[in-house]
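What follows is the residue order along each chain.
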Amino acid sequence: ILAMGNRRISADLKECALNLWNTGWDIEDICDALGVSCTSIYRWETIFAEYGTVNRPPSPICGQQLRILTHALMTACEALFAEESDLYLDKVVTWLALTHDISISVSTLCHNLKEAGLT
């Protein structure tokens, strides 16, 4: 059995696979002809159904320069640090997740706090 490794597959090839599948080709034949896995084709179909394209759009929460915390939440963080100035950032990350339903990494939180002058 040949295991497939991770590789970047062009949008054209993904669209070709879905077009062949939609025109009645057997999925196993498509996999053999294009050298892709059936799992990949199912995943591309799901992505296409959701987004109208074979590739997911980039996550809006990525990139170091993106400010995740709004002004209101920065004010809340400022108040939190005023109450407990020796808080570790992992505790603040947990507080943001539980209180404000915001998922943020410690490094991104640190970056946001530095930009706001809170460190």
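Residues numbered from 1 in each chain as written. Predicted model: local features only at pLDDT ≥ 70, side-chain atom pairs only at ≥ 80, totals over all residues. Heavy atoms only, no water.

Asks: Got a sec to walk through the state of the cysteines? Specific residues and values, please.
Replies: For the structure shown, the criterion picks out zero disulfides. Cys-38 forms no disulfide, and the closest cysteine sulfur to it belongs to Cys-31, at a distance of 3.1 Å. (Disulfide = S-S within 2.5 Å.)

Asks: Explain the packing of aromatic side chains to me, and be specific about the residues and the numbers.
Replies: By the definition in use, this model includes one aromatic pair. With a centroid separation of 5.4 Å and 75 degrees between ring planes, the pair formed by Trp-21 and Tyr-42 is classed as edge-to-face. Taken as a pair, Trp-21 in helix α1 (residues 11-22) and Tyr-42 in helix α3 (residues 38-51) lie far apart in primary sequence, 21 residues in all. (Phe/Tyr/Trp six-rings, centres within 6.5 Å; stacked < 30°, edge-to-face > 60°. Helix = DSSP H or I, 4+ residues; strand = E, 2+ residues; numbered from the N terminus.)

Asks: Run through the nonpolar core, naming residues and quoting values.
Replies: Val-92, Leu-96, Ile-104, Leu-109 and Leu-113 are the most contacted members of the largest nonpolar core, which totals 13 residues. Elements with a minimum of two residues in this core: α4 (71-83), α5 (89-100) and α6 (106-115). Element by element, the count of residues in this core is highest for α4, at five residues. Core analysis: the next-biggest nonpolar cluster, separate from the first, contains 12 residues, Leu-20, Ile-30, Val-36 and Trp-44 among them. (Core = buried A, V, L, I, M, F, W, Y, C linked by side-chain atoms within 4.5 Å. Buried < 20%, exposed > 50% of the residue type's maximum accessible area, 1.4 Å probe, protein only.)

Asks: Break down helix α2 (residues 27-34) for me, with residues and values.
Replies: Listed in full, the buried residues belonging to α2 are Ile-27, Ile-30 and Cys-31. Along the axis of α2, the buried residues cluster in a sector spanning 100 degrees; they form a single face. What points out from α2, more than 90 degrees from its buried face, is the exposed set Asp-32 and Ala-33. Those residues of α2 that are buried are in contact with α1 and α3. At the N-terminal end of α2, a side-chain oxygen is found 3.2 Å from the backbone nitrogen of Glu-28, two or three residues along, and the residue is Asp-26. Where α2 ends, the next residue or the one after it, Gly-35, has phi of about 70 degrees, a positive value. (Arc of directions from axis to C-beta. Contact = heavy atoms within 4.5 Å. Polar contact = N/O pair within 3.5 Å; in protein donor to acceptor, adjacent residues only side chain to side chain.)

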